[in-house]
Amino acid sequence: TTVDRIAEIEAILLDLETRRLSAVSSGDWDEWETTYANAGFMNEARNALEARGDVDLPSLDDILLVSVVIDSATCIAAVIDYSTTDADGVSAQNRTTTVIERRFDGGWGISFRGEGWACDGPHPFSDS
């Protein structure tokens, strides 16, 4: 993976996470849906959000791509560090493996990030 490609993946991840958190904060569920790659995972995420109730979400301060695990034309799995600040001004740093996939409209969307799947084999929420 080239330096340019790493910067491109970082920009895609930052855009998706910024739009997702902004949509949750504003209650714009139509915009929120555009940040997901598939309905199955989106619905699971929505159910989890609704179960949490009204919670102040942290603001996304930065995303740093640590490593690219898989980089294909339709799926990217990457380890990222992201920093957030909560409503009380407390900063936190987290590391996670994030998976994004091509959407039907050609854009990228957040995909399943569960244990044991990172672009390999059938998607856990696919019909195949």
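Rules of the game
- Residues numbered from 1 in each chain as written.
- Predicted model: local features only at pLDDT ≥ 70, side-chain atom pairs only at ≥ 80, totals over all residues.
- Heavy atoms only, no water.
- Disulfide = S-S within 2.5 Å.
- Helix = DSSP H or I, 4+ residues; strand = E, 2+ residues; numbered from the N terminus.
- Buried < 20%, exposed > 50% of the residue type's maximum accessible area, 1.4 Å probe, protein only.
- pLDDT = per-residue confidence, 0-100.
- Core = buried A, V, L, I, M, F, W, Y, C linked by side-chain atoms within 4.5 Å.
- Contact = heavy atoms within 4.5 Å.

Going through the model one piece at a time under the given rule, you end up with 1 disulfide. The disulfide partner of Cys75 is Cys119, and the S-S distance across this bridge is 1.9 Å. Its S-S torsion of approximately -80° makes the covalent link between Cys75 and Cys119 left-handed. A residue pair is termed long-range when its members are at least 10 positions apart, and Cys75 in strand β2 (residues 75-85) and Cys119 in the segment after β4 (108-110) qualify at 44 residues. Grouping residues by exposure puts Cys75 and Cys119 together as buried.

The share of residues in the protein with pLDDT of 70 or more is 88%, and the mean pLDDT across the chain is 83. Ranking the helices and strands of the protein by mean pLDDT puts β4 first, with 92, and helix α3 (residues 39-52) last, with 79.

Moving on, we get to the nonpolar core. Among the nonpolar cores identified, the biggest contains 30 residues, and Leu13, Trp32, Tyr36, Val99 and Ile100 are the most heavily contacted of them. Mapped by element, the contributors of at least two residues to this core are α1 (3-26), α3, β1 (59-71), β2, β3 (91-102) and β4. Sort the elements by how many residues they give to this core and α1 lands first, with 7 residues. With sequence-adjacent residues up to four places away left out, Trp32 is seen in contact with Arg20, Ala23, Val24, Met42, Ala45, Arg46 and Leu49.

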